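What follows is the residue order along each chain.
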2 protein chains.
Amino acid sequence: MDRAFQRTQILTNHLLQFSPPSPLSSNACLSYSPPELSESYAFDVKEMRKLIDGHNVEERDWLFGLMRQSKLFNPEEKGGKVFVSPDYNQSTEQQREMTWKRIEHLLERGAFKGWLTEEGEEIEMRKFAGFEVSSIYDHSLFTKLGVHFFLWGGAIKFLGTKHHHEKWLRDTENYSIKGCFAMTELGHGSNVRGVETVTTYDSNTGEFVINTPCETAQKYWIGGAANHATHTVVFSQLHINGTNQGVHAFIVQIRDADGNICPNVRIADCGHKIGLNGVDNGRIWFDNVRVPRENLLNSVADVSPDGKYLSSIENPDQRFAAFMAPLTVGRVNIACSSVYQSKVALAISVRYALTRRAFSLKPNEPEVLLLDYPSHQRRLIPLIAKTYAMSFAANYLKMLYVKRTPQSNKIIHIVSSSFKATFTWTNMQILQECREACGGQGLKTENRVGHLKGEYDVQSTFEGDNNILMQQVSKALFAEYMAAQKRNKAFKGLGLEHMNKPCPIIPSQLTSSTLRSSQFLMDALCLRERDLLNRFVADVSKCKSEGESTQQAFLMCYQLAEDLGRAFSDRAIFQTFIEAEATLPAGSLKDVLGTLRSLYALICLEDASYVRYGYLSVENGASVRREITKICSELRPHALALVTSFGIPDAFLSPIAFNWIEANSWSSV
Amino acid sequence: MDRAFQRTQILTNHLLQFSPPSPLSSNACLSYSPPELSESYAFDVKEMRKLIDGHNVEERDWLFGLMRQSKLFNPEEKGGKVFVSPDYNQSTEQQREMTWKRIEHLLERGAFKGWLTEEGEEIEMRKFAGFEVSSIYDHSLFTKLGVHFFLWGGAIKFLGTKHHHEKWLRDTENYSIKGCFAMTELGHGSNVRGVETVTTYDSNTGEFVINTPCETAQKYWIGGAANHATHTVVFSQLHINGTNQGVHAFIVQIRDADGNICPNVRIADCGHKIGLNGVDNGRIWFDNVRVPRENLLNSVADVSPDGKYLSSIENPDQRFAAFMAPLTVGRVNIACSSVYQSKVALAISVRYALTRRAFSLKPNEPEVLLLDYPSHQRRLIPLIAKTYAMSFAANYLKMLYVKRTPQSNKIIHIVSSSFKATFTWTNMQILQECREACGGQGLKTENRVGHLKGEYDVQSTFEGDNNILMQQVSKALFAEYMAAQKRNKAFKGLGLEHMNKPCPIIPSQLTSSTLRSSQFLMDALCLRERDLLNRFVADVSKCKSEGESTQQAFLMCYQLAEDLGRAFSDRAIFQTFIEAEATLPAGSLKDVLGTLRSLYALICLEDASYVRYGYLSVENGASVRREITKICSELRPHALALVTSFGIPDAFLSPIAFNWIEANSWSSV
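Structure report, in brief.

The rules behind the values
Residues numbered from 1 in each chain as written. Chains lettered and ligands numbered in written order. Predicted model: local features only at pLDDT ≥ 70, side-chain atom pairs only at ≥ 80, totals over all residues. Heavy atoms only, no water. Least-squares fit on C-alpha atoms with pLDDT ≥ 70 in both. Contact = heavy atoms within 4.5 Å. Axes fitted to C-alpha atoms, helices over the stretch in contact; angles between N-to-C directions. Helix = DSSP H or I, 4+ residues; strand = E, 2+ residues; numbered from the N terminus. Parallel < 35°, antiparallel > 145°, perpendicular 65-115°, else oblique. Left-handed = near helix turned anticlockwise from the far one by under 90°. Nonpolar A, V, L, I, M, F, W, Y, C, P; charged D, E, K, R; others polar. Phe/Tyr/Trp six-rings, centres within 6.5 Å; stacked < 30°, edge-to-face > 60°. Buried < 20%, exposed > 50% of the residue type's maximum accessible area, 1.4 Å probe, protein only. Pairing = 2+ DSSP bridges. Salt bridge = Lys/Arg side-chain N within 4 Å of Asp/Glu carboxyl O. Polar contact = N/O pair within 3.5 Å; in protein donor to acceptor, adjacent residues only side chain to side chain. Disulfide = S-S within 2.5 Å.

Quick word on the relation of the copies chain A and chain B
When chain A is fitted onto chain B, the two copies agree to an RMSD of 0.0 Å after a turn of 180 degrees and an axial shift of 0.0 Å. Such a combination of turn and shift is consistent with a two-fold rotation axis. Considering only C-alpha atoms, the part of chain A nearest the rotation axis is A:Ala608, at 2.6 Å. Residue by residue, 98% of the interface of chain A is reproduced at the interface of chain B, so both copies engage with the same surface.

In C-alpha cells, the structure reads:
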C-alpha cells in the first residue's frame, strides 16, 4: 500500500509540474532495438547448436523447461522477460536450503532416473547433458549433484564391488541416502597420498576403526557434509599390523535419517565462500569411528575377516591410481561445464554489445554500437572461436570417457587433465573479458557475467590443481618419449604420431590463404609441441646428468613443462575442431565453422611462445595478428548467430542480453 | 546450551572409546611453524615500509589502530589472533548500515578532520593515506568515503566557487549532509558528454529545472543514493534558450534530514552486486526538479539571473574537460588503493606459502614448502616486484597531484589515466594468481585473497574504463608527437625526452650484469616506447592518407595504441622505481631494492611485445627469462621481509597468513 501510495504521489507530482519536453530531448533519447532486427542468420543456428551440444539436445531442453517452470528456480520478470536464477542475496543457509529443494524437485520429476542404476553409453551421455544444463542454472546445483552422483556414487561404483552396488546405488539414485566424498584434508589437497586420516582393523569385532589423529587430518571442503549428507566415502591410510598399505576408501554414516550427527563424528562448517554458497561444505573429524569390514570399498584391495591384507594390485602406485578413478569423471564434468559458462557469458555480452552504444565518431551522429568497434570485436570474437573449439573438444572427451577401456585409461587421464586445466582457465579469462566488456552492468549479480567469476573460480584448483594437472601432462609426454626412444619404436597414441614424420616447415612468407589452411595450422601446432617436447626431454636429461633426481629435474624445468602442456592441449583441441568440421557437408555452416577454426588456431599461434621460441619470425607473427583482425571483422556479421547457436534459453541469460532499458525502467521498480 | 551439551557428549565419547594412537600417526601429523622462525630479515623492514608507504606512516598506524579497537569493525579471533573484516555473509542492507556506522565512528574520532576545510599539500597527503588505509579494511568503506569526500566534496571544491565552498564544505566534512555524485546514467557511462539529463533555466523564478526525459537518462550506479545521501551533484546538459551549452553540474537535495526522498525525485536501488555490497548504489530520476540559480557549480560557467549564459572558457571541449576535474583525484585514489590490495594478497599468500607444504621429493622426506618450488617462486616473486614498482609510481602520482599547477594538468591526466588502468589490471592479475596460489583456502571469504577479486573488479571500469583511458594515453602521445614535429622542436615532458636522443641499441648478447643494469633496462623500455609511438603515428597517418577520419584511424590502430599505452606506463613506472632507489644510501636496503628493480623491468621485457616487434632476439628473450628465474631464487630468502615491509598489520591480513591449523582446529569451532 505504501508503495502504491508513493507511486501515485510521484505520478501526481509529475502531472502537476509537467512542462513540455525541451525540443532536443526527445531526439536525444536512446531506445532499445533487439539485435535480431539488425542482424541476420547466414546459417542454420539450430543445426549449429546440435553440432556443438553434440548429444541429447531434447533432454537438455526438457530439463531447461523443468527449471523454467518451477517457482523453486526463482523466476523473475525483467524487461518483459522471465529469468531464472538463484537469489544470491540470500544468506548462506537459505541458499543451501534452496539448492536442496531444487534437487528434490528435479528428483520428483525423474531428472536423475537411471543415473546410477542403468549402464551404458546412452545413460552416461544423458547424465553429462543433465549436468551441463544444471551448471547453466547454478554452480551450486551442479556441484551438489556432482558430489552425490559422481563422487559418492562414482566411488561406490568404481571402488566398490557387487554387494556395495546392490546396497547403495539405488538408494543413492533416489536420494534415500545423501552421499558426500571425504578425500581432501586441511593439510592435504592435491597430494592425496599424504592424507593423515588413519584406519586400523579390529579382527575381534570385524570392524575398521577410522580416526582423525590430528587437526590437519580433519576432512575439509567436504561438499554436503555441513548440512545434508548422511553418508560419506572416507579416504584414509589403512594400517594393517603396523604396515601402512596406503590410501583406501571406506563408507561411513555421518548422520541418521533425522539429520542428527552420528556418535564419534564431529562436523563443522567451512564458512562463507566467494562462490558456491549454495553448497554446504563442511569439515569432519572421526573419533575412532567403527564401521563393518564390508564398508571397505574393495574393488582393488580387501582385508580378510582375520585381518590379512589382500590386493589384486601389487604395486602401491598402481593401487593408488586405481583409487583416484572417481576423480576422472569429475574432471570431465568440470571441463564440460566450464565451456557452458563461457557460452552464457559470451551470449550475454555479445547481445549487449549489439544494443549498447558509446561515443559518436562525428558530432550529431548516432553513437557507435560496441561491437562495431574493431577493438571490441577483437576482445570478444576470438573468445567465441575458443568456445567453439572447447565445445568440440568437450564432446570428444566425453566420448573418450564413455567408450573407455582399460587400455584407454592413460589417454583419458592425460586428456581430461589437460582439458580440465585449459578449459577452466580459459573460462575464467572469458568471464573476466566479458565482464569488462559489459562495463558496470557486468557487476550486477542479475546480469550473471561477473557473478559467474566468483562461482567458477574454484574450478581452477578443485579436483586437481590446474598447475599440477598440467605438470602431469608434461610428465606423461616425457614418459611417452622415453618409452618410444627406449624401445626404438614410433610414437603411437596421445596424438603424438606427428612426431614420427619429418618436422614441418613454416613458409617464410605467410599468405592469408596459408594462414587459414588447416594443414598449415595443424603443422604449426605440431611443430611447437614437438619442439617443446624435445627441449623438455633434453633439459630434464641434462639436469639428471648433473646429478639431480628425476623429480627435482622436473621441478627445475617447470617453465618448459608449462609451455609443453599448453602446446599439447591446444593441438589436441584443434584436432577435435577439424574432426567436427569434417563431418559437415559443404555449405554455409561449414563455411563459418572453417573461419572459426582458423581463428581458433591463429589465436593459439599468437601466443608468445611462437615468437619466443622462434617458430614464427617477427614478420610471420605480425601476419598472424593481422589475419586475426581480418577474421574478426569477417565474423562480426555472424556474431549474433554464433552465440544464438550456443542454445542457451533466454531465461538462462540475463536482462542486459535483452531490453535492458525496459528492465531498468521506473515501471519495473 | 545445546552446543555445550554436544561438545561434552563428543568429549565423553572420545574418552570412552579412546584407543592408543597408532605408532605412525604422531610422526605423520603436520604442525604449524611461524615463518619468522625459519626466515630472517636481511634489511630493515621498517625503513623499507617508510620508503614504500612514502608518507604519513604514523597517521596510517593510528587509523589502523582505530579500526582494530572498535567492535564496529567486526573483530574475530581465529587461531589466537584477532582479525578485523566486515561480515560479508550479512545481507546487503546490513552491510550498508555497517559501512555507515563505521564512517560515523571514524568521524567521531576525528579521522576526517580538515579533509575539506584545510588546504595544502600536507592535508592532501594525509587524506591519501587515510583513504589507502580505509581501502585495506574494506572497499565499501573506501568507496563510500570517496564518493562523499572526493566526488561530491571535490565537485563542490573544483567546480563551485566561494559561496558554494562556504555553504557546503564544512557541512560535508562533518557529515551534516551526505553527498553523492550523479554523473553516470543508464545509457551513458564513459561517454559523459552524451548524458541525457536536461536542465533549463526559468528566469521568472530564477530557478534551474532538472529533468530526466527518458529511461536511459536515469542516473545509475550513484553510490549513496539508494539509502543515505541527502544531496547530489547532477551532471546534466544545460539548455539555454534552445542552445545546448553542454554538460554542467548542479546541486540537488534528494532527501530531507529525516531521510525522506524529496518531491519530484524518484530513487531505486541498483540491486545486488558481485562486490561493494556495503555501498548503497542507486538510480535517480528527476521530474522537473527546481533548484535555485546558485546551485549551478559555476567555476567555469554561469547563468545570469535573467538567463544569459556566461563562460570564462569559450571552447566547449575545454569547458567539458574542466568539468571532469573531480574525476582525476578519483583516479589517483583508485590507482593507489589497488596497490594496497596487491600488498594484502601477496602478504597473505607468501606467508601461507612459507608454512604450507605439498608433496615430498623422496619417500619419507618432509613435504616441500610451497615457496621452495621454483614454479611457485616464479608465480609470486615477480608480483612482489611489480607491487614495489607500483608503490613508487603511486607515490610519484600523488606528489604530482598535490603539487599540481595549471601547466601540469595534462601530465596529471595522462599519468593518472595510465597508472589507474595499469595498476587496477595488475591488481586483478595479482589477486587471481594469489588466490590460485592459496588453493582452496583462497576461496574462503575470511582469507580475503579471493574475496578481494569481487570487491575490486569494479576498478577496471569505473571512473574511466581502462581500455578507454589507455586509448586516451596513446592519443595524447600522438598529439605530443605531432606537436613536436610541427614546431620542429624537441620532445619535452611526459618523460618523452629520450625520443630526442639516438635510438638505444640492444647488445646482441645479454650478460647477467647487463640484464640487471638500470641503464640497459631503461634503454630497453624507452626503445619499445619510441618504436611503438613511431609506428602508431605512421599507421594513423597512413589510415588518414587513405581517407579515414582521425577518430576512425585511431579506432583502426587500436592494437598499436594498446601496446603503446602499456609501453608508456611500464617506462613511467620504472622511472619512479629508479628515482626511489637513488634516494637510498648504499646498503642492504638498496641492494635488495636494486634486485627488485631489475626483476620488475625484466618482467616488462618478458612481455610478448619484445619478441613480437623484434626488440629482443629469440636468444635475448630466452636470456631475459633465465635471468628472471635466477632472480626469483635469489629473492626467495627475502620473501618474508619483502611482504612484511608492506606494513599491513596482522589484523588486516587473514587466518591463513598465520597459524591456520589452530584457526581451523575443533577447539575454535
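Next, the rest of the story.
Some remarks on the packing of helix α11 (residues 325–353) of chain B against helix α14 (residues 449–456) of chain B
Residues and elements named next belong to chain B. As a packed pair, α11 and α14 sit with axes 10 Å apart at the nearest point and diverge in direction by 165 degrees. On the basis of the axis angle, α11 is roughly antiparallel to α14. α11 and α14 meet at a crossing whose hand is left-handed. Here α11 contributes Ser-337, Gln-341, Val-344, Ala-345 and Ile-348 to the contact with α14, which in turn contributes Val-449, Leu-452 and Tyr-456. Among the residues forming the contact of α11 with α14, the class breakdown is six nonpolar, two polar and no charged.

A few points about the packing of helix α8 (residues 139–159) of chain A against helix α9 (residues 162–173) of chain A
The angle between the axes and the distance between the axes are what describe a pair of packed helices. Residue and element names in this part refer to chain A. In the contact formed by α8 and α9, the axes pass within 9 Å of each other and the chain directions differ by 165 degrees. When the axis of α8 is compared with that of α9, the two are roughly antiparallel. Crossing geometry of α8 relative to α9 is assigned as left-handed. Taken together, the residues of α9 that come into contact with α8 (itself represented by His-148, Phe-149, Trp-152, Gly-153, Ile-156 and Lys-157) are His-164, His-165, Trp-168, Leu-169, Thr-172 and Glu-173. Residue classes in the contact of α8 with α9 are distributed as five nonpolar, five polar and two charged.

Considerations on the packing of aromatic side chains
All names here are of chain A. Using the criterion set out here, one finds 62 aromatic pairs over all chains in the structure. Ring centres of Phe-112 and Phe-149 lie 5.2 Å apart, and the angle between their planes is 50 degrees; on these two criteria the pair is classed as tilted. Of this pair, Phe-112 sits in the loop between α6 (92–108) and α7 (121–137) while Phe-149 is found in helix α8, placing the two residues 37 residues apart along the sequence. A relative accessible area of 3% places Phe-112 in the buried class. Geometrically, the ring pair formed by Phe-112 and Tyr-175 is tilted, given 6.2 Å between the ring centres and 55 degrees between the ring planes. Highlighted residues: Phe-112 in the loop between α6 and α7 and Tyr-175 in the loop between α9 and β3 (179–182), separated in sequence by 63 residues. One exposure class covers both Phe-112 and Tyr-175, and it is buried. An aromatic cluster is present here, built from Trp-100, Phe-112, Trp-115, Phe-131, Phe-142, Phe-149, Phe-150 and Tyr-175 joined pairwise through their rings.

Quick look at the pairing of strand β10 (residues 281–286) of chain B
It is a general feature of regular strands that their side chains alternate between the two faces of the sheet. Residue and element names in this part refer to chain B. Judged by how many residues are buried, β10 sits mostly within the fold: six of six residues are covered. Judged by which residues are buried, β10 turns out to be covered on both faces: Asn-281, Arg-283 and Trp-285 on one side and Gly-282, Ile-284 and Phe-286 on the other are all buried. Pairing between strand β6 (residues 219–223) and β10: three bridges, direction antiparallel. Looking at the pairing, Ile-222 lines up with Gly-282 of β10.

Points about the environment of B:Leu533
All names here are of chain B. Position of Leu-533 relative to the elements: it lies in helix α17 (residues 518–545). Classification of Leu-533 by relative accessible area gives buried; the value is 0%. Distance from Leu-533 to Ile-468, taken between C-alpha atoms, is 18 Å for residues 65 residues apart in sequence. Once you skip the residues sitting within four places of it in the chain, Leu-533 turns out to touch Leu-477, Phe-478, Tyr-481, Leu-496, Met-499 and Leu-564.

A short note on the interface of chain A and chain B
Of the residues lining the interface, 102 residues belong to chain A; the matching set on chain B comes to 102 residues. For the pair chain A and chain B, the interface holds six salt bridges. The partner of B:Arg625 in a salt bridge is A:Asp563, with the nearest N and O atoms 3.3 Å apart. Taken together, chain A and chain B are joined by 48 residue pairs in polar contact (both at pLDDT 80 or more). Take the side of chain A that touches chain B: its biggest share by element is five residues, from helix α13 (residues 409–437) of chain A. Across the side of chain A that touches chain B, the residue classes tally to 39 nonpolar, 41 polar and 22 charged.

A word on helix α14 (residues 449–456) of chain A
Counting buried positions along α14(A) gives eight out of eight residues, so the element sits mostly inside the fold. When α14(A) is considered as a whole, its buried residues turn out to be A:Val449, A:Gly450, A:His451, A:Leu452, A:Lys453, A:Gly454, A:Glu455 and A:Tyr456. Packing partners of the buried residues in α14(A) comprise α7, α8, α11 (325–353) and α13 of chain A together with α13 (409–437) of chain B.

A closer look at the state of the cysteines
Applying the stated criterion across every chain, the model contains two disulfides over all chains. In this model A:Cys29 forms its disulfide with B:Cys214; the gap between the sulfur atoms is 2.1 Å. Since a negative S-S torsion denotes a left-handed disulfide, the A:Cys29-B:Cys214 link at about -90 degrees is left-handed. Of this pair, A:Cys29 sits in the loop between α2 (25–28) and α3 (35–38) while B:Cys214 sits in the loop between β5 (207–211) and β6, which puts the two residues in different chains. Among the cysteines around B:Cys336, which has no disulfide bond, B:Cys604 carries the closest sulfur, lying 18 Å off. Exposure remark for B:Cys336: the relative accessible area of 1% places this residue in the buried category. Not part of a disulfide, B:Cys438 finds its nearest cysteine sulfur in B:Cys434, a span of 6.6 Å.

Some points on the sheet that holds strand β9 (residues 265–269) of chain A
Backbone-to-backbone hydrogen bonds join strands into a sheet, with any given pair of strands oriented parallel or antiparallel. All names here are of chain A. The strand order across the open sheet built from three strands is β6-β10-β9, with neighbouring strands paired in antiparallel fashion. Sheet topology places β6 (219–223) and β9 at the edges, where each strand pairs with a single neighbour. For this sheet, the mean angle separating the axes of adjacent strands, direction not counted, is 35 degrees.

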